[in-house]
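Inside the fold
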Amino acid sequence: MTPAAAATAPARARRRVVALAGRPNTGKTTLFNALTGLRQRTANYAGCTVEKAVGTLAVDGREIEVVDLPGTFSLLPSTEDERVAFHFLSQAAAAGDDLLVLCVVEASNLANDLSLAAGLIEAGYPAAVAVNMIDEARQNGVSVDTAALGRTLRVPVLAVSARHGEGLPELRELLAGHGRAAAAPRDLSREAKHALQERQMRAVERAHEACAASVRLPRRALLPTIARSIRLDRVFLHPVAGPLLLLATMFALFQALFAGAQPLMDGLTGGLDAAAAALRAALPPGLFASLVCDGVVPGVAAVFVFVPQIAILFTLIGFLEQSGYLPRAAALVDRALRPFGLDGRVFIPFLSGFACAIPGVMAARTIPSEKRRIVAVMLTPLMTCSARLPVYTLLISAFVPASFRPWGFNGQGVAMTGLYLFAVVCALALALVLKNTPLYEKDPMPAALLPPYRLPQPKELARYVGTRCWHFLSRAGQVIFVVSIALWLLAAFPRRAPVAGESAAVAAAAQVEQSALGRAGRLIEPVFRPLGWDWRLSVASLSALAAREVFVGTLGTLYALEGSPEDGGLAAALRDAREPDGSPRYTLATALGLLMFFAVALQCISTIATVRRELGSWRWALGQFAAYFALAYALAFAAYRVAS
Amino acid sequence: MQDPMTLEKAAWDLPVRVTGFSGVGDSERARLAGMGLHVGETVVKLLAAPLGDPIECLVGQQLLALDKSLVARIRVEAA
């Protein structure tokens, strides 16, 4: 070690941590991305399992850890996001890190944004202020005297534009500079409520004073960005045009999701099938080849094909989110949801839930009431997620005859629409039930911010979509990988000696039937017999506990049709399956019951794990699973009995 | 005694000043202050969502959607 390096070693022992704090919509995440570039990862916050974005910033060879804290309005945490942010700050202060809180504020809204900064500074946190979106403020005619602001707040203040890189070199230098060896900051999470309230009111006052001394607003009272937003709101919240535009947006979203993703998904499926075939040809035949080609590859491919859909969904939701439309959509539906004990804030989790319950459950974090958040997490998995689609498609095409044309409409399409409506009706009905439990809270937070409309930046949007897709792949991928190997093992052992003269398909079916999986299926068959399911449907539904779409793959294996390129083969096999006495094995009643079951049951290990993580206890996650299983069973039983 | 003027009764598109809150607890008041809604702030009632609730207001230099129930509890005076 050189003498110079040895001299800096003690300084390195105390790690410099920069935490970005600020209200939502101040461009915190854009600034985080601009500072850390691709050197990012996600990690869990200490003490809880909510994910945080962490990046590193290198200045003069020194590595600085940068953490993007969730958006925070006040010193009194009211959302899970805010609790996480304050928890992190007190932990970092207690851990003795060289902490610097970089308060990110929007230049055009300083008076409001600065109150958090003022509060943290007063509580003794070493802080600096980044006055972001300074370019937009200039266009608004707002001028900020950062030097005067710094003198009033007694912390460094810099004007930056995270979008255009303005002021970032200076900011990097500031972040690398030596932090004040401040006395230990106060642990706000342990402070009494009334003390926090006083602190908050003082902070608001101080922010206004600081602003009055250093900000010059244009002569006209209304900022151009706000004036434009109001003009747009007069359209988007118009009594007639508003709801119509929301409907059109939703329609376009679902069209893009299903029609737009289909060619991509088909292409991907074709490519993956070709890859699997090439792999099968390359590997010597035997158990290993079977494990890879019948177990791992189809399992992982089943997840992979959903990536285009997830990408399209998040591109659209990201666009709506970054443009500022989503809070307006929430305001639009707010009143309509109140009678059900819900409010506009559940709209975003529900909307995301139509693609996948996992981002939906995570989106509930911004709901400023613990009880309302739990309700949203409980109901979101009922939304018709994309994993239910393959199951619905298979069962509808097998059991709803093409000749069924109610009022001249395509009957299969009507059935699909009915299932989507059923999910919403079911969620609202359950919301009514929850309204009569202690989980109901009247009007939790009566104010919501409507940020100015902004055109999303392609770069930010691409990054948002990329991160979400990667999360989906890594999280769901791991589960499916393990489950598909387990399923294969259960179906492959114990081995059965082949009988001379039988076809490969018959041999495969017989192998599955006497395998551990087949035996387990017969064992549980009595449980599902009242629903009209035989052991094959029972096994397929059980294997779909991992992920719903596995149902189709398992049935495919069981009917020795695996590798058959289209669903038509399997649908026909299900329709034509006969019991030894010649009666059809499955009827429309069986299919109806199955559809009810899949619409309600929480068959998704990833969702259960996400709920457990978001609500912090297995009690909620397993309770939810059990309740939905019971409800699904009851509905399936009722549908089967009534229809037959 | 005359009822105090509330934001609910205030005219649309005319600025008023917040003078106080009725029936709003201390911690909710502190939270609203964090959102920018506090005594002394100028508020303009802009428009109601299609079902009449919430109501979009210009609060200082930002837009907030306020529940009708809250709007009735905000005391205001002409600005």
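This is a predicted model, so every value here is computed, not measured.

Residue and element names in this part refer to chain A. Burial in helix α6 (residues 146–153) covers these residues: A148, L149, G150 and L153. The inward-facing, buried residues of α6 contact α4 (110–122), β6 (127–132), β7 (143–144), β8 (157–159) and α8 (193–214). Regarding α6, its N-cap is D145, as a side-chain oxygen of that residue lies 3.3 Å from the backbone nitrogen of A147 further along. Among the residues trailing α6, R154 stands out with phi positive, at a value near 60°.

Moving on, we get to the interface of chain A and chain B. Contact with chain A, which involves 43 residues of that partner, is made by 35 residues of chain B. Note on chain A versus chain B: buried area summed over both sides is about 3200 Å², and carbon and sulfur give 62% of it. Taken together, chain A and chain B are joined by three salt bridges. Residues D53 of chain B and R335 of chain A are paired through a salt bridge, measuring 3.8 Å at the closest nitrogen-oxygen approach. On inspection of chain A and its partner chain B, the count reaches 12 residue pairs in polar contact (both at pLDDT 80 or more). Those elements giving two or more residues to the side of chain A that touches chain B turn out to be α4, α8, α9 (224–236), α13 (325–337) and β10 (447–450) of chain A. Among the residues making up the side of chain A that touches chain B, the classes are represented as 23 nonpolar, 11 polar and nine charged.

This next bit is on the sheet that holds β10 of chain A. Taken together, six strands build an open sheet; the order of strands is β10(A)-β4(B)-β3(B)-β2(B)-β1(B)-β5(B) and the sheet is antiparallel. At either end of the open sheet lies a strand with only one pairing partner, and these are β10 of chain A together with β5 (74–78) of chain B. Adjacent strand axes in the sheet meet at a mean angle of 40°, parallel and antiparallel pairs treated alike. Sheet topology places β10 of chain A next to strand β4 (residues 62–66) of chain B; four bridges connect them, and they run antiparallel. Residue pairing for β4 of chain B: A448 of chain A is matched across the bridge by A65 of chain B. Running over the sheet, helix α1 (residues 26–35) of chain B touches β10 of chain A together with β1 (15–21) and β4 of chain B and is turned about 5° from β10 of chain A.

This next bit is on the pairing of strand β5 (residues 98–106) of chain A. Residues and elements named next belong to chain A. Burial analysis of β5 places nine of its nine residues in the buried class, which makes it a mostly covered element. Burial of β5 is two-sided: the residues D98, L100, L102, V104 and E106 facing one way and the residues L99, V101, C103 and V105 facing the other way are all buried. Judged from the six bridges that link them, strand β1 (residues 16–21) and β5 form a sheet pairing that is parallel. Note that in β5 the partner of R16 across the bridge is D98. Relative to β6, β5 runs parallel, the two being bridged by six bridges. Opposite C103, over in β6, you have V129 as the bridge partner. The parallel pair β5 and β6 is bridged by α4, and the resulting crossover is right-handed.

Residues and elements named next belong to chain A. Within this structure, the stated rule accounts for 12 aromatic pairs over all chains. When the centroid spacing of 5.7 Å and the interplanar angle of 40° are considered together, the rings of F236 and Y453 count as tilted. In this pair, F236 is assigned in helix α9 and Y453 in the loop between β10 and α19 (458–492), connecting sequence segments 217 residues apart. With a relative accessible area of 8%, Y453 lands in the buried category. Both rings, one in F528 and one in W533, keep their centres 4.8 Å apart while their planes meet at 15°; by these two values the pair is stacked. Like F528, the residue W533 is buried in the burial classification.

Analysis parameters
- Residues numbered from 1 in each chain as written.
- Chains lettered and ligands numbered in written order.
- Predicted model: local features only at pLDDT ≥ 70, side-chain atom pairs only at ≥ 80, totals over all residues.
- Heavy atoms only, no water.
- Buried < 20%, exposed > 50% of the residue type's maximum accessible area, 1.4 Å probe, protein only.
- Helix = DSSP H or I, 4+ residues; strand = E, 2+ residues; numbered from the N terminus.
- Contact = heavy atoms within 4.5 Å.
- Polar contact = N/O pair within 3.5 Å; in protein donor to acceptor, adjacent residues only side chain to side chain.
- Buried area = accessible area lost by both parts, 1.4 Å probe.
- Salt bridge = Lys/Arg side-chain N within 4 Å of Asp/Glu carboxyl O.
- Nonpolar A, V, L, I, M, F, W, Y, C, P; charged D, E, K, R; others polar.
- Pairing = 2+ DSSP bridges.
- Axes fitted to C-alpha atoms, helices over the stretch in contact; angles between N-to-C directions.
- Right-handed = clockwise from strand over helix to strand, strands pointing away.
- Phe/Tyr/Trp six-rings, centres within 6.5 Å; stacked < 30°, edge-to-face > 60°.

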